[in-house]
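Below are the chains, spelled out letter by letter.
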Amino acid sequence: MGRVPSSGQIKKLRLNLLAWFDDNREVRPWREDFKRLASPYPVWISEIMLQQTTIPVVLPIYTNFINRYPTVRHLAQAPLAEVLNALTGLGYYQRFRNLHKAAQNFVTEANSAGGTLGLINWPKNYVDWLKIPGVGPYTAGAISSIVLGEAKAAVDGNVERILCRLLEIKNPVSAPGIKVFIREIAEKLVCPNQPGNFNEALMELGQKICKKSRPNCPLCPLRNQCQASKQGTQNLLPSKSTLKKKVEIINFIAQVHIWGDKMGLIKRGSSDTRFLKQSTGFPLVEIKAPGEHSTKILESGLSHQPNNNASLQLRHRITKHDLRIWIKIYKYQNMSHSNPRILWWNQLEIPKIINSSLDKKIFDKVHSVLTSS
Ligand code: SF4
């Protein structure tokens, strides 16, 4: 494992990092909104959005979202489908379902205590934030340090990378005990006087200077404390795991039902697919092998066969799952065979109804075929 910094080194590191942040911090709308509203709401929203997504992707979506739902009460009152639509492009919709559910819980609790003017009882510390649906250790650390001034670390992949280099940790992060070791060090490093600024500074350092490839050590405020930079090993760290991530290939048929200028979507139930449960989209049927014909879900009862257009295929990655999608188009002459689960929408409305990037890919593929034929 790497060398643990002395208390003197930790003090210098905090001073150098915070001085750099004072001069280099970016304007982030959620920081301004937090000061303006004096509420954790904007920080909570932005941290949930930033899970698994980059800042440039989040910025325009955050701005639209906060204009549309400026308070937790606005968010709680909005229909879930509308909220998910406002978050299109951020992927992983389960976390936004949790966000919406948590907003409703906050408001219900406030109303039962003081009616519609009841104050929101926001979590008071890191442990309470951890109890909120969709909030894990990283997000709880970020929110409690920024909003409450609690000296808690916010350790994500960026921070793991910086600490691997700073302490010259040569084991892969995935090796036994390394994540725990990094977290312990991160908790020691957090500046107790400015924990929010410290965590944000470390995140910005990872985005701008200590990047994944080619870290810019000459410009780094931590270069005098950094073991990897001293040894010239910064480009070799963090070490890659020798264990290959297992990718699971899953085959699906996506059914696209078309009747005139309308397309059919379903509200997916919890037993329909392993992915995108409870969302509105195209019917998806998991098959064992490519080309397998499925009679599941909405296909039974149809008197006609779908297209067999081999080019109507696409691939989509969801975490460690490689989805291979075969798109089948069913064109209807009349509605006598329409399954009651199908909800018909004008094709122009479909992009506003579907939220997941997989459904959007399916729609774009089919739309391009239909408009070119
Ligand atoms: S000196 Fe280089 S390797 Fe070390 S923390 Fe800074 S950018 Fe990263």
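Residues numbered from 1 in each chain as written. Predicted model: local features only at pLDDT ≥ 70, side-chain atom pairs only at ≥ 80, totals over all residues. Heavy atoms only, no water.

Caption draft 1: Fine view of the site of the ligand. Neighbouring the ligand are Arg165, Ile209, Cys210, Pro215, Cys217, Cys220, Arg223, Cys226, Ser229 and Gln234. Of the residues assigned to the shell around the ligand, the class counts are 6 nonpolar, 2 polar and 2 charged. (Near = heavy atom within 4 Å. Nonpolar A, V, L, I, M, F, W, Y, C, P; charged D, E, K, R; others polar.)

Caption draft 2: Structural detail: the packing of aromatic side chains. One pass over the full model with this rule turns up 11 aromatic pairs. Taking the centre distance of 5.8 Å and the plane angle of 70° together, the rings of Trp44 and Trp122 count as edge-to-face. Linking Trp44 in helix 3 (residues 41-50) with Trp122 in the loop between helix 7 (94-114) and helix 8 (126-130), this pair joins segments that are 78 residues apart in sequence. Across this residue pair, the class does not change: Trp44 and Trp122 are buried. Aromatic rings pair up to connect Tyr41, Trp44, Phe106, Trp122 and Trp129 into one cluster. Over the ring of Tyr126 we find Lys152, and its NZ or CZ is 4.4 Å from the ring centre. (Phe/Tyr/Trp six-rings, centres within 6.5 Å; stacked < 30°, edge-to-face > 60°. Helix = DSSP H or I, 4+ residues; strand = E, 2+ residues; numbered from the N terminus. Buried < 20%, exposed > 50% of the residue type's maximum accessible area, 1.4 Å probe, protein only. Lys NZ or Arg CZ within 6 Å of the ring centre and 35° of its normal.)

Caption draft 3: Looking closely at the side chain of Gln227. Structurally, Gln227 can be placed in helix 13 (residues 227-231). Gln227 sits in the buried class, given a relative accessible area of 10%. Sequence-distant contacts of Gln227, defined by excluding residues within four places in its chain, comprise Arg3, Arg165, Leu166, Leu167 and Glu168. (Contact = heavy atoms within 4.5 Å.)

Caption draft 4: Representation of helix 9 (residues 137-148) in the model. Here helix 9 contains 12 residues, and its C-alpha end-to-end distance of 15 Å stays within 8% of the 16 Å for a straight helix at 1.5 Å per residue. Counting buried residues along helix 9, 10 of its 12 residues qualify, which places the element largely inside the surrounding structure. All of the buried residues along helix 9 are Tyr138, Thr139, Ala140, Gly141, Ala142, Ile143, Ser144, Ser145, Ile146 and Val147. Considering only its buried residues, helix 9 is in contact with helix 2 (29-37), helix 3, helix 8 and helix 12 (195-208). Positive backbone phi, at 70°, marks Gly149, one or two positions downstream of helix 9. (Expected span 1.5 Å × (residues − 1).)

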